[in-house]
Amino acid sequence: MFFNKLKQIIFGITAFSLLIISEAALADYMNVLNLTEGVTPTSKMVYGLHMQILYIVTAIGVVVFSVMCWSIYHHRKSKGAVAEQFHHSTTAEITWTIIPIIILVVMAIPATKALVFMEQTGDAEMTIKVTGYQWKWKYDYLDDDISFFSSMSKDSNDARQLGSGIDPKTIENYLLDVDNRVVLPINTKIRILTTAADVIHDWWVPALGWKRDAIPGFINDNWTYIEEPGVYRGKCAELCGRDHAFMPIVVEAVPKAEYAVWVEEQKTMQLAAAEGAEREWTKDELLEKGKDVYAANCTACHMAEGQGVEGLFPALSGSAIVNNTDASEMIMLILNGKNMMPAFKDILNDADIAAAMTHERNSWGNTVKDVIQPSDVKAMR
Amino acid sequence: MSEAVIHDDHHDHKPSGIGRWLFSTNHKDIGTMYLVFALIMFFVGGAMSMVIRAELFQPGIQYVDPQFYNSMVTVHALVMIFGALMPAGVGLANWMVPLMIGAPDMALPRMNNMSFWILPFAFTLLLSTFFMQGGAPAGGWTMYPPLVLQLGDGFPYLVFAVHFLGISSIMGAINIIATVFNMRAPGMTFMRLPLFVWAWIITAFLLIAAMPVLAGGVTMLLTDKYFGTAFFDAAGGGDPVMFQHIFWFFGHPEVYILVLPSFGVISQIIPTFSRKPLFGYTSMVYATASIAFLSFFVWAHHMFTVGMPLTGELFFMYATMSIAVPTGVKIFNWMATMWRGSMTFETPMLFAIGVLFMFSIGGFSGLMMGITPVDFQYHDTYFIVAHFHYVIVPGIIFGIIGGIYFWLPKWTGNMYDEKLGKLHFWISTISVNVLFFPMHFIGLAGMPRRIPDYSVQFADWNSIISIGGFVFGASQLILVWVVIKCVRGGEKATDQVWEGAHGLEWTLPSPPPFHTFTTPPKVTDATAHS
Ligand code: HEM
Ligand SMILES: [Cu+2]
Ligand SMILES: [Cu+2]
């Protein structure tokens, strides 16, 4: 009676699983099986090494498991096997100590070579610095004075909210797209420094063939040499708090000439932004900009309507600090952070902070409704 | 049955009521309490993994806030490791070590009581953090700063829970060492000890060496957070990576603390059901000891990506690879024990064979991750989640479950339901592979670990993995059912229980009286285990 029921349940589950499998094209599974070969000398070396070890352990597995299965089949009591009573053999024991040692040495030699190759970070033609923040990346092009943040794109961010009702499958590159891509030249030895501003993150683009921790207070150096133009996507690989899953990396590798054009564009844009921070802004300008700054930097914790997350992140709607007519406490808090709140002094410029504050003080039923100017923020730095 | 035992039966008076358990100094009752506690924690931790798998069933966030998801991942690991696996191992030791070496009880019975009763207290501290401002720990069971320092009011509770768990483990370890060193029956020399006892002596030394290191590490976290020190804060001259060195200096031996008792169990089961003595007893003891020794020199393979100097990376790569040698010796010895035996496949043997196959799979991926340049790709992906779940679930947990089926008739005096046991084995084995094998694929294809949501190419495998998870979780209820059924009755077990069983524990009645071996038995080569 019970067993029949159980059989039914097992049958049901199997049928259900098969349904799911057949629904998705088999090709989908085949793409999601193995390490990428990547586009750098390092990644290709690593891929080769991976396949080599995989074959070795598979071969060992086949031999060991076959012997076990053979023994399980033939040396069973039900087949009339009578137990022998031997309990050691020096020859056998030496053999199965020596053979694994030989296999390990064979594996260690190419692994050592690869590691030595990967650690040669010298004579790079250019250097970028990657800084991990909760939960975005900052890129500094040290040779060109370019610097920007890169956060997950808005469509992914909307879709990933709890109960958003948006089907991730309708979003292109769900969780793998950013607002500002890291543009890099191909066929160039690039030094990539990783560090972090708050907690430990880990910068990982599989196609480059490595990942490296980004540790606050320390700088790790790495290098890459991309051989093919293309867009290569990656993610933070070290748990860094609530939105660890939502700080993707997009590297766009372009020919050198195209890269030079991009560098010039970036420089002009940054000049314009710096000028903006100096002048007096109108309330409407601030409110408009503030909305975007808030969405990109604050919603992750304080949520779209300033309602916060119960027990974790305070609401800004109705907050005493936000509604204080003296704005200085609020400016200090944003500049310097507090507990889980990051310090924004190196993330946002004066205009960004002034805009975000103006937006917050004029929204969600907050009562002060005043205007904060970039100069107010500057005065508190 | 020896004379001493018959004499024991005579005044087999158990204390009654709740006091029997609260004030117990009896190794059998304390062993039972440890095992029941472990089982409860197994389901508490299991419930958390069900939340994880439900959230990961589809892309997008359906059920829980990412912060709560991180708490699930973190507390699942802490509960399983410190609440289920370690207490289960200690429970088996409490029950079996005195019976196997012919001792009347543990050497330090009151300390035994205390080391158990600390556990529910410590887990109350830990689990109460769910109701606190800032929530439960969410920085991973590895507790890396600076992230872990962002935890709210729950932080000191986490630290003190770890302290208490450490104290409990150390007391348990001291007790086992004191018992085995001082209370062996005449003739029970060290090289006659059953391998389960050997495995536990070595584990106990590992515990004493490793747990204080963890306690020191979390204390430094505590002072960093509340007393202005900067051990792990670069701004104050400290180093966040130093915590990782401290943690893994504990953490890698810890994985052997978990696995060695399970190895000990299957070293008892395989000879019994092969009806043949254990192959290579001496090399088994030495292999176990060398694994334990080497385990203190490989910790940094958990941190290859922090940016160590080349020589450090090479050292830890070679050291990690070398552990494969003694591990291989153990696997080959178990195979040679089965070879030319006369095997039967009762449930304990099925679980032991499951360990041989599936622990090996975890060993293979472990070896792959030990190769530093490739680990740069594997690290912190689902590949490593696959690795440690293979060694922990069908490696360690199957070993413990095998031990439970193996000794249950001895403990209760009744045979368990063999049909249900086999059903439990087969459903568990199939589902555990559906659950963990595809994790290798998604890990290699680039899915990071500890994320509540993933990009859509991983969706199909994740659904399959979740189904495997739900079936595996549900099938563990069969174990509970088998145990309850067996405690309540069933076919009476003989003293020897299993045809091929040898050793002192099988000379006692099933169930053994409350006090056993009050007069020590005499052990000769013929009556010894191996
Ligand atoms: C031949 C045996 C083994 C080798 C060579 C090995 C190797 C490794 C390596 C290199 C890692 C780090 C992977 C990474 O982070 O990228 C790792 C992680 C891990 N291993 Fe093993 N391992 C072995 C056996 C075991 C056993 C027996 C256990 C458990 C009893 C175990 C449990 C773990 C755990 C829990 C982690 C993950 C820790 C974390 O990052 O949270 N391993 N192993
Ligand atoms: Cu992260
Ligand atoms: Cu390890």
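Residues numbered from 1 in each chain as written. Chains lettered and ligands numbered in written order. Predicted model: local features only at pLDDT ≥ 70, side-chain atom pairs only at ≥ 80, totals over all residues.

Things to note about the overall build of chain A
And then number 1: Summing up its helical and strand segments, chain A has 11 helices and 10 strands in all.
And then number 2: Scaling as 2.2 N^0.38, a compact globule of 381 residues should have a C-alpha radius of gyration of about 21 Å, whereas chain A reaches 28 Å, well beyond that.
And then number 3: Considered along the principal axes of its C-alpha atoms, chain A spans approximately 95 × 65 × 40 Å.
And then number 4: Looking at the 381 residues of chain A, the share that counts as buried comes to 35%.
And then number 5: In chain A, the proportion of contacts linking residues at least 24 apart, taken out of those at least 6 apart, comes to 67%. (Helix = DSSP H or I, 4+ residues; strand = E, 2+ residues; numbered from the N terminus. Rg over C-alpha atoms; globule rule 2.2 N^0.38 Å. Buried ≥ 20, exposed ≤ 12 C-beta atoms within 10 Å, placed from the backbone. Contact = placed C-beta atoms within 7 Å.)

Description of the sheet that holds strand β4 (residues 182-185) of chain A
Residues and elements named next belong to chain A.
And then number 1: As summarised here, the arrangement of the 5 strands in space is β4-β10-β9-β6-β7, forming an open sheet in which the pairing is mixed. Two strands close off the open sheet at either side, each with one partner strand: β4 and β7 (210-214). Across the sheet, the mean angle separating the axes of adjacent strands is 25° when strand polarity is ignored.
And then number 2: As paired elements, strand β6 (residues 201-205) and β7 share 5 bridges and run antiparallel to each other. Within β7, the residue paired with H201 across the bridge is A214.
And then number 3: Helix α6 (residues 256-276) contacts β4 and β10 (249-254) of the sheet and is inclined by roughly 140° relative to β4. (Pairing = 2+ DSSP bridges. Axes fitted to C-alpha atoms, helices over the stretch in contact; angles between N-to-C directions.)

Focus on the sheet that holds strand β1 (residues 126-133) of chain A
Residues and elements named next belong to chain A.
And then number 1: One open sheet holds the 5 strands; their spatial order is β3-β2-β1-β5-β8, and the pairing between them is mixed. At either end of the open sheet lies a strand with only one pairing partner, and these are β3 (146-150) and β8 (220-224). When strand polarity is set aside, the average angle formed by the axes of neighbouring strands in this sheet is 25°.
And then number 2: As judged from the 7 bridges shared by β1 and strand β5 (residues 190-196), these two strands associate in the parallel manner. Bridge pairing links M126 to I190 in β5.

What to know about the interface of chain B and chain A
And then number 1: Of the residues lining the interface, 88 residues belong to chain B; the matching set on chain A comes to 88 residues.
And then number 2: Looking at the side of chain B that touches chain A element by element, the count peaks at 14 residues for helix α10 (residues 310-338) of chain B.
And then number 3: Here the side of chain B that touches chain A is built from residues that sort into 53 nonpolar, 26 polar and 9 charged. (Nonpolar A, V, L, I, M, F, W, Y, C, P; charged D, E, K, R; others polar.)

Concerning the packing of helix α13 (residues 382-412) of chain B against helix α15 (residues 459-488) of chain B
All names here are of chain B.
And then number 1: Here α13 crosses α15 at 10°, and the two axes come no closer than 10 Å. Looking at the two axes, α13 sits roughly parallel to α15. Together, I401, L408 and T412 of α13 and L479, V483, C486 and V487 of α15 make up the contact between the two elements.
And then number 2: Considering only residue class, the contact of α13 with α15 consists of 6 nonpolar, 1 polar and no charged. (Parallel < 35°, antiparallel > 145°, perpendicular 65-115°, else oblique.)

Considerations on α15(B)
One turn of an α-helix holds 3.6 residues; hence residues three or four places apart share an orientation.
And then number 1: Here α15(B) is 30 residues long and its end C-alpha atoms lie 45 Å apart, about the 44 Å a rise of 1.5 Å per residue gives.
And then number 2: Directly after α15(B), the chain includes B:G489, whose backbone phi takes a positive value near 160°. (Expected span 1.5 Å × (residues − 1).)

A few points about the pairing of β7(A)
And then number 1: Of all 5 residues in β7(A), 5 are buried; the element is thus mostly enclosed.
And then number 2: Between β6(A) and β7(A), which pair antiparallel one after the other, the connecting turn spans 4 residues, and A:G209 there sits at a positive phi close to 95°.

A short note on the site of ligand 1
Residues and elements named next belong to chain B.
And then number 1: Around ligand 1, 24 residues are found, and the nearest of them are V255, G366, M369, H379 and F388.
And then number 2: Mapped onto the shell around ligand 1, the elements with two or more residues apiece are α8 (240-274), α10, α11 (347-370), α12 (372-378) and α13.
And then number 3: The biggest single contributor to the shell around ligand 1 is α13, with 6 residues.
And then number 4: Along the lines of polarity and charge, the residues of the shell around ligand 1 split into 13 nonpolar, 10 polar and 1 charged. (Near = placed C-beta within 6 Å.)

Some points on the packing of helix α3 (residues 27-56) of chain B against helix α4 (residues 66-101) of chain B
Residue and element names in this part refer to chain B.
And then number 1: It is the contact of α3 with α4, at a shortest axis distance of 7 Å, that shows an interaxial angle of 160°. The pairing of α3 with α4 is recorded here as roughly antiparallel in orientation. When you trace α3 past α4, the crossing you get is left-handed.
And then number 2: Among the residues making up the contact of α3 with α4, the classes are represented as 23 nonpolar, 8 polar and 2 charged. (Left-handed = near helix turned anticlockwise from the far one by under 90°.)

Description of the domain arrangement of chain A
Residue and element names in this part refer to chain A.
And then number 1: Segmenting chain A into domains produces domain 1 (2-75 + 86-118), domain 2 (126-274) and domain 3 (279-380).
And then number 2: Placing the centre of domain 2 and that of domain 3 at their C-alpha centroids yields a distance of 25 Å.
And then number 3: Across the boundary between the two partners, domain 2 contributes 9 residues, which contact 6 residues of domain 3.
And then number 4: When its residues are assigned to classes, the side of domain 2 that touches domain 3 shows 5 nonpolar, 2 polar and 2 charged. (Domains from an automatic or database assignment.)

So, the confidence of the model for chain B
Note: predicted coordinates in regions of low pLDDT should not be interpreted at a detailed level.
Residue and element names in this part refer to chain B.
And then number 1: On average, chain B scores 93 in pLDDT, and the residues at 70 or more come to 97%.
And then number 2: When the criterion is pLDDT under 50, residues 1-10 qualifies, and its contacts beyond four places in sequence or with other chains add up to 19 contacts.
And then number 3: Here the predicted complex carries an ipTM of 0.91, next to a pTM of 0.88. (pLDDT = per-residue confidence, 0-100.)

Section: the environment of B:T142
And then number 1: Looking at where B:T142 falls in the secondary structure, it is placed in the loop between α5 (109-128) and α6 (154-182).
And then number 2: Here the alpha-carbon distance between B:T142 and B:F247, two residues 105 residues apart in the chain, equals 7.1 Å.

Notes on the environment of A:I166
Residues and elements named next belong to chain A.
And then number 1: If you trace the backbone, I166 turns up in the loop between α5 (154-159) and β4.
And then number 2: For I166 and S156, which are 10 residues apart along the polypeptide, the C-alpha to C-alpha distance reads 9.4 Å.
And then number 3: The residues contacting I166, other than those within four sequence positions of it, are D158 and A159.

Considering unusual backbone geometry
And then number 1: Of note, the bond from B:P145 into B:P146 is cis; its omega dihedral lies within 30 degrees of zero at 0°.
And then number 2: Mapped onto the secondary structure, B:P146 falls in the loop between α5 and α6.
And then number 3: The residue after B:S510, namely B:P511, is reached through a cis peptide bond having omega -10°.
And then number 4: If you trace the backbone, B:P511 turns up in the segment after α15.
And then number 5: Although it is not a glycine, A:W364 sits at a positive phi angle of roughly 55°.
And then number 6: Tracing the chain through its elements places A:W364 in the loop between α10 (350-361) and α11 (374-380).
And then number 7: One non-glycine residue, B:R275, adopts positive backbone phi at about 55°.

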